[in-house]
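Chains, contacts and geometry: an overview
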Amino acid sequence: MKRFSFWSVARNALSSHQHWPRQWRSPNPKPAYDVIIIGGGGHGLATAYYLAKEHGITNVAVLEKGWLGGGNTARNTTIVRSNYLWDESAALYEHSLKLWEGLSKDINYNVMFSQRGVMNLCHTLGDVRASRRRSEANRLNGVDSEWLGPSDIKRICPVLNLSPKLRYPVMGATFQPRGGVARHDAVAWGFARAADARGVDIIQNCEVTGLRRDGGRIVGVDTTRGAIDAKKVGIVTAGHSSVLASMAGVRLPIQSHPLQALVSEPIKPVLNTVIMSSAIHVYLSQSDKGELVIGAGADSYNSYAQRGSFHVIEEQMAALCELFPTFGRLRMLRSWGGIVDICPDASPIIGKMPVDGLYLNGGWGTGGFKATPGSGWVFAWTIAKDAPHPINAPFSLDRFSTGALIAEHGAAAVAH
Amino acid sequence: MLLITCPWCGPRDEIEFHCGGEANIERPDKPDQLTDQEWADYLFMRANPKGRYAERWVHSAGCRRWFNVIRDTRTHRILAIYRPDEQAPDVAGPSS
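So, how was this worked out
- Residues numbered from 1 in each chain as written.
- Chains lettered and ligands numbered in written order.
- Predicted model: local features only at pLDDT ≥ 70, side-chain atom pairs only at ≥ 80, totals over all residues.
- Heavy atoms only, no water.
- Helix = DSSP H or I, 4+ residues; strand = E, 2+ residues; numbered from the N terminus.
- Contact = heavy atoms within 4.5 Å.
- Lys, Arg positive; Asp, Glu negative; His and termini not counted.
- Charge placed at Lys NZ, Arg CZ, Asp CG, Glu CD.
- Rg over C-alpha atoms; globule rule 2.2 N^0.38 Å.
- Buried < 20%, exposed > 50% of the residue type's maximum accessible area, 1.4 Å probe, protein only.
- Axes fitted to C-alpha atoms, helices over the stretch in contact; angles between N-to-C directions.
- Parallel < 35°, antiparallel > 145°, perpendicular 65-115°, else oblique.
- Buried area = accessible area lost by both parts, 1.4 Å probe.
- Salt bridge = Lys/Arg side-chain N within 4 Å of Asp/Glu carboxyl O.
- Polar contact = N/O pair within 3.5 Å; in protein donor to acceptor, adjacent residues only side chain to side chain.
- Core = buried A, V, L, I, M, F, W, Y, C linked by side-chain atoms within 4.5 Å.
- Phe/Tyr/Trp six-rings, centres within 6.5 Å; stacked < 30°, edge-to-face > 60°.
- Pairing = 2+ DSSP bridges.
- Expected span 1.5 Å × (residues − 1).

1. A few points about the overall build of chain B
- For chain B, the count of helices and strands is 1 helix and 6 strands.
- Secondary structure elements of chain B, listed N to C terminal, follow the sequence β-β-β-α-β-β-β.
- Each principal axis of the C-alpha distribution contributes one length, and for chain B these read about 45 × 30 × 25 Å.
- In chain B, of all internal contacts separated by at least 6 residues, the share reaching a separation of at least 24 is 46%.
- When the 13 basic and 15 acidic side-chain charges of chain B are each reduced to a single mean position, those positions are 5 Å apart.

2. Brief notes about the overall build of chain A
- Each helix and strand in chain A was counted, giving 12 helices and 18 strands.
- Against the compact-globule benchmark of 22 Å for 416 residues, chain A has a radius of gyration of 21 Å, which places it among compact chains.
- Viewed in the frame of its principal axes, chain A has a C-alpha envelope of about 65 × 60 × 40 Å.
- Sorting the 416 residues of chain A into buried and exposed places 59% on the buried side.

3. A short note on the environment of Gly66 of chain A
Residues and elements named next belong to chain A.
- With respect to the helices and strands, Gly66 occurs in the loop between strand 2 (60-63) and strand 3 (79-80).
- Each C-alpha atom of the pair Gly66 and Asp222 lies 16 Å from the other, and the pair is 156 residues apart in sequence.
- What Gly66 contacts, discounting residues up to four positions off in sequence, is Gln204 and Asn205.

4. Concerning the packing of helix 3 (residues 87-101) of chain A against helix 10 (residues 372-385) of chain A
Residues and elements named next belong to chain A.
- Here helix 3 crosses helix 10 at 110°, and the two axes come no closer than 7 Å. Relative to helix 10, the element helix 3 is oriented roughly perpendicular. Contacts between helix 3 and helix 10 involve Leu92, His95, Ser96, Leu99 and Trp100 on the former and, on the latter, Thr372, Pro373, Gly374, Trp377 and Val378.

5. Things to note about unusual backbone geometry
- Positive phi is not limited to glycine here, since Asn108 of chain A has a value of about 50°.
- With respect to the helices, strands and loops of the structure, Asn108 of chain A is situated in the loop between helix 4 (103-106) and strand 4 (118-122).
- The class of Asn108 of chain A is buried, set by a relative accessible area of 10%.
- Although it is not a glycine, His76 of chain B sits at a positive phi angle of roughly 70°.
- Its place among the elements puts His76 of chain B in the loop between strand 5 (66-72) and strand 6 (78-82).
- His76 of chain B gets classed as buried once you look at its relative accessible area, which sits at 9%.

6. Side note on the interface of chain A and chain B
- Contacts between the two partners involve 25 residues from chain A and, on the opposite side, 22 residues from chain B.
- Between chain A and chain B, a total of about 2,100 Å² is buried, with carbon and sulfur atoms accounting for 53% of that surface.
- Looking at the side of chain A facing chain B, the largest losses of area belong to Arg251, Tyr301 and Tyr304 of chain A, adding up to 28% of the total buried there.
- Taken together, chain A and chain B are joined by 0 salt bridges.
- Counting every contact that joins chain A to chain B gives 16 residue pairs in polar contact (both at pLDDT 80 or more).

7. A word on the nonpolar core
Residues and elements named next belong to chain A.
- Trp100 and Phe191 are the most contacted members of the largest nonpolar core, which totals 50 residues.
- Put simply, the parts of the chain that give this core at least two residues each are strand 1 (32-38), helix 2 (42-55), strand 2, helix 3, helix 7 (184-197) and helix 10.
- The contacts of Trp100, once residues within four sequence positions are left out, are Val80, Val111, Phe113, Ala182, Val187, Phe369, Lys370, Thr372 and Pro373.
- If you look at the next biggest cluster of nonpolar residues, it comprises 31 residues, including Val208, Leu211, Ile235 and Val250.

8. Notes on the packing of aromatic side chains
- With the rule as written, the count across this model stands at 16 aromatic pairs over all chains.
- A centroid spacing of 3.8 Å and a plane angle of 10° characterise the contact between Tyr84 of chain A and Tyr93 of chain A, whose relative ring orientation is stacked.
- For Tyr93 of chain A, a relative accessible area of 4% gives the class buried.
- Ring centres 5.8 Å apart and planes at 85° place the aromatic pair Phe17 of chain B and Phe67 of chain B in the edge-to-face group. Separated by 50 residues along the polypeptide, Phe17 of chain B in the loop between strand 2 (10-13) and strand 3 (18-22) and Phe67 of chain B in strand 5 bring together distant segments of the chain.

9. Some remarks on the sheet that holds strand 4 (residues 52-58) of chain B
Residue and element names in this part refer to chain B.
- One open sheet holds the 4 strands; their spatial order is 3-4-5-6, and the pairing between them is antiparallel. Of all the strands in the sheet, just strand 3 and strand 6 have a single pairing partner and so form its edges. Geometrically, the sheet is characterised by an average inter-axis angle of 30° between neighbouring strands, direction not taken into account.
- Relative to strand 5, strand 4 runs antiparallel, the two being bridged by 7 bridges. Among the inter-strand pairings, Ala54 is bridged to a residue of strand 5, identified as Ile70.

10. Side note on the pattern of salt bridges
- Taken as a whole and assessed by the stated rule, the structure comprises 21 salt bridges over all chains.
- Linking Asp222 of chain A and Arg212 of chain A is a salt bridge whose minimum nitrogen-to-oxygen distance equals 3.3 Å. Of the two residues, Asp222 of chain A is situated in strand 10 (residues 217-223) and Arg212 of chain A in strand 9 (residues 208-214); the sequence distance between them amounts to 10 residues.
- Residue class for Asp222 of chain A comes out partly exposed when judged on its relative accessible area of 28%.
- Glu55 of chain B is paired through a salt bridge with Arg71 of chain B; the nearest N and O atoms lie 2.5 Å apart. A residue pair is termed long-range when its members are at least 10 positions apart, and Glu55 of chain B in strand 4 and Arg71 of chain B in strand 5 qualify at 16 residues.
- Among the residues examined, Arg71 of chain B registers a relative accessible area of 0% and is labelled buried.

11. Observations concerning helix 10 of chain A
Residues and elements named next belong to chain A.
- Here helix 10 spans 20 Å end to end across 14 residues, near enough to the 20 Å set by a 1.5 Å rise per residue.
- With 11 of its 14 residues buried, helix 10 lies for the most part within the structure.
- Looking at helix 10, one finds that the buried residues are Thr372, Pro373, Gly374, Ser375, Gly376, Trp377, Val378, Phe379, Ala380, Thr382 and Ile383.
- Phi turns positive, to about 55°, at Asp386, one or two residues after helix 10.

12. Description of the side chain of His389 of chain A
Residues and elements named next belong to chain A.
- When you line up the elements, His389 lands in the loop between helix 10 and helix 11 (399-402).
- You can call His389 buried: its relative accessible area is 12%.
- Excluding residues within four positions of it along the chain, His389 makes contact with Trp377, Trp381 and Thr382.

Printed below as a string of structure tokens:
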């Protein structure tokens, strides 16, 4: 790997940037690996990177059916925060946020992590009470969180409509200053480059069509590029978690739904933080290019079609125009959908599966991007040691039979 | 947006309906004898096929009655709609 630095950029500028090497190899699959990661999105690539870096396991392949970061990694609204209610979630997401804070340096790739703050608006008394409780819970867990009244909100985000005449007036907000956004494509590419440099094979256009078992143990995968042996297999396929798990006969409590988002035409800087409203339902930030990146609620029905219904976007635009009347004349450039795998308690499943050697990291639902580094870190630990790290131990599949659910519908902030 | 034909009211926009998730989940006969795993299966575990899926919808802004839909989750195409007291029709297409 050729390291990026001020000097390497300056040197390559002299040759018009024509001589940069490829950022990762494109190898043919070997007959066997110690670990196969299915899914070349952010979480899968992060898992491979931390397997190599933290555990010295480098005989690893990442199998991706399309191209790197072509699924939900490139379809989310790039928001990073850790203000979740329960201790288990706070530990997981805060671990991730701490990794975000050093990530660009760690992987020598600028992921453009910008801690511009995340503001969660409250519009009803119930909203205020639940949010203040969550904010206090955050502080007890060492997660930064502040309560803002309307005048504090005005100071941070003057463009927001704080009129008491709104149908659902803004009564206050919680604010996490360390939250923010990151460039999602760069996260996939940066992890891919760093993992490749440590010897991980990243194999694109290679779809897994079956999981090969011998007795109760996983022995490899069938792919569109032939069979590959593996001692351990990790499924990190987001919306397709159930499809992959069913290849090993494992049933999951997951339902796959479309989640839509859209971007506006670029405008001058107007929004310097992330604004989220779960009650009237819209969340947005402004990208460095000037576009507003706007997220919607999940569609109600199951789907693998990567598109949703128009009325969901219509409701989200209504909320946007109410909160930001000045955006009413903006044109929207494009909209899209991703397929999110939602668990009944809105928390992920990260751990061992009932088949030996098979692991799953999925069920992140509507909010997995923020957890990308932390998710990869704990999942790499789980695969390397064949046991969960204390951080992800509560996020096991068997919590649905023990009853130890981690209900995060409030903090998930996306209606579903 | 889906165009859903309510068995009682005819074709209406999706916004008049709510999706109720997987169809044909039967409440256990002897709930006091269920193991924790069996409770988890009944409460939480669901089919999530990429393809033909049987689900329940309710016509909330219309007759407020429940009915069943067989829909392809890859294309959103509705393959069959039938009332709860009717047998599921035999529809072509892969189940997953």
